[in-house]
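A closer look at the structure
The lines below spell out each chain.
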Amino acid sequence: MTLRSVTIEGVQRCARAARCFAALALVAFALGACSLFDKDTVAPEEPADKLYNEGLYLLNTKKDAKGAAKKFEEVDRQHPYSEWARKALIMSAFAYYQAGAYDDCVNTARRYVTLHPGSPDAAYAQFLIGSSHFDQIPEISRDQDRTEKAVQSLEEVVRKYPNSEYAVAAKRKIEMARDQLAGKEMDIGRQLQNTRNYAGAINRFKVVVTRYQRTRHVEEALLRLTEVYMALGIVEEAQTSAAVLGHNFPDSRWYKDAYALMQSKGVEPNENKGHWISQAFTKLASGKF
């Protein structure tokens, strides 16, 4: 009986061991199969020109700008440091711009400028940065941070690439963006004037006169300065503001209002050549602005 019991127990242990071995073998086989499967599913590297042309197809034919941008990015991922990668990077920035994905465009274009500052397309990359900010300029009542960024980025185009074809377009956009910034100053200045915060209003109108003289808002700024100075009883300052307005913009409707205000107070416009307003326009005439 003892021998038989030992034999049965031994057989049972062997059976359990066999089952464990079989299970381990199955797991090992499964892991090996997964490993082989993973290797088989790794996408092979595609030729750079094929990826690039697929990006062009998506952009131009399918009108899928975001899909095109991703395809161009794949060129850079699979073929870094190649000429195809450089071309694909600027096309990716352009595709993002076309898609209205402005933050992606800015990031991609900045990367291009950093990696290829001497490239013929560097000017265009910088122009895309400025244009992305420009296209997001908000209405006048909102914060103008995007407008400031647009001006700064576009001024980089003019400064670094003055002879490029994009410099002229950048200058036009700068003028429009600066007009927006001047409009913001005027909006705040009028609010301050209406609440009789005359010192604050003067500071806002002064910004327009000294920094944004080439915008359409400067005429109104001179009128408002005339009004504020008269409200404060500083007649000589008001006379200078009105005189500078009349000298530089004689046919302006704003000058007609300023002149009528002067007459209602029994005085005439009279320019003080040493006043900051007069000096600001002297600099403008001399080309220092």
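Residues numbered from 1 in each chain as written. Predicted model: local features only at pLDDT ≥ 70, side-chain atom pairs only at ≥ 80, totals over all residues. Heavy atoms only, no water.

On to the environment of Asn 270. Turning to its location among the elements, Asn 270 is positioned in the loop between α12 (253-264) and α13 (276-285). A residue is classified by how much of its surface remains accessible, and Asn 270, at 49% relative accessible area, is partly exposed. Counting along the chain gives 29 residues from Asn 270 to Ser 241, while the straight-line C-alpha distance between them is 8.4 Å. In this structure, Asn 270 is in contact with Gln 239, Thr 240 and Ala 243, ignoring residues within four places of it in sequence. (Helix = DSSP H or I, 4+ residues; strand = E, 2+ residues; numbered from the N terminus. Buried < 20%, exposed > 50% of the residue type's maximum accessible area, 1.4 Å probe, protein only. Contact = heavy atoms within 4.5 Å.)

Not every positive phi belongs to a glycine, and Lys 63 is a case in point at roughly 55°. Relative to the helices and strands, Lys 63 is located in the loop between α2 (48-60) and α3 (65-78). When its relative accessible area of 65% is taken as the criterion, Lys 63 is described as exposed. Residues other than glycine seldom take positive phi values, yet Tyr 81 does so here, at roughly 70°. Tyr 81 gets classed as exposed once you look at its relative accessible area, which sits at 83%.

Turning to the pattern of salt bridges, a few remarks are in order. Tallying each qualifying case throughout the model produces 17 salt bridges. In this structure, Arg 224 and Glu 227 form a salt bridge, with 3.0 Å as the shortest nitrogen-oxygen distance. Separated by 3 residues within a single helix, Arg 224 and Glu 227 lie in helix α10 (residues 218-232), roughly one turn from each other. One connected set of salt bridges, linked through shared partners, spans Glu 46, Lys 50, Glu 54 and Lys 71. (Salt bridge = Lys/Arg side-chain N within 4 Å of Asp/Glu carboxyl O.)

Moving on to the packing of α10 against α12. Relative to each other, α10 and α12 sit at 15°, their axes nearing to 9 Å. Here α12 runs roughly parallel to α10, going by the angle between their axes. Pair α10 / α12 crosses with left-handed handedness. Residues Glu 219, Glu 220, Leu 223, Arg 224, Thr 226, Glu 227 and Met 230 of α10 form the contact with α12, whose own contacting residues are Trp 254, Asp 257, Ala 258, Leu 261 and Met 262. Among the residues making up the contact of α10 with α12, the classes are represented as 6 nonpolar, 1 polar and 5 charged. (Axes fitted to C-alpha atoms, helices over the stretch in contact; angles between N-to-C directions. Parallel < 35°, antiparallel > 145°, perpendicular 65-115°, else oblique. Left-handed = near helix turned anticlockwise from the far one by under 90°. Nonpolar A, V, L, I, M, F, W, Y, C, P; charged D, E, K, R; others polar.)

For the rest of this paragraph, the subject is helix α5 (residues 102-115). In this model α5 runs 20 Å from its N-terminal to its C-terminal C-alpha over 14 residues, within 8% of the 20 Å that 1.5 Å per residue would give. Where α5 is concerned, the buried positions are Cys 105, Val 106, Thr 108, Ala 109, Tyr 112 and Val 113. Summarising the contacts, the buried residues of α5 are in contact with α4 (83-99) and α6 (122-134). (Expected span 1.5 Å × (residues − 1).)

The next thing to look at is the packing of aromatic side chains. Counted according to the given criterion, the structure contains 8 aromatic pairs. Judged by centre distance (6.4 Å) and plane angle (80°), the rings of Phe 249 and Phe 281 are edge-to-face. Linking Phe 249 in the loop between α11 (235-248) and α12 with Phe 281 in helix α13, this pair joins segments that are 32 residues apart in sequence. By the ring-pair criterion, three or more aromatic residues cluster together here, those being Phe 94, Tyr 124, Phe 127 and Tyr 166. Lying over the aromatic face of Tyr 52, Lys 87 brings its terminal NZ or CZ to 5.2 Å of the ring centre. The ring of Trp 276 carries Lys 206 above its face, with NZ or CZ at 4.9 Å from the centroid. (Phe/Tyr/Trp six-rings, centres within 6.5 Å; stacked < 30°, edge-to-face > 60°. Lys NZ or Arg CZ within 6 Å of the ring centre and 35° of its normal.)

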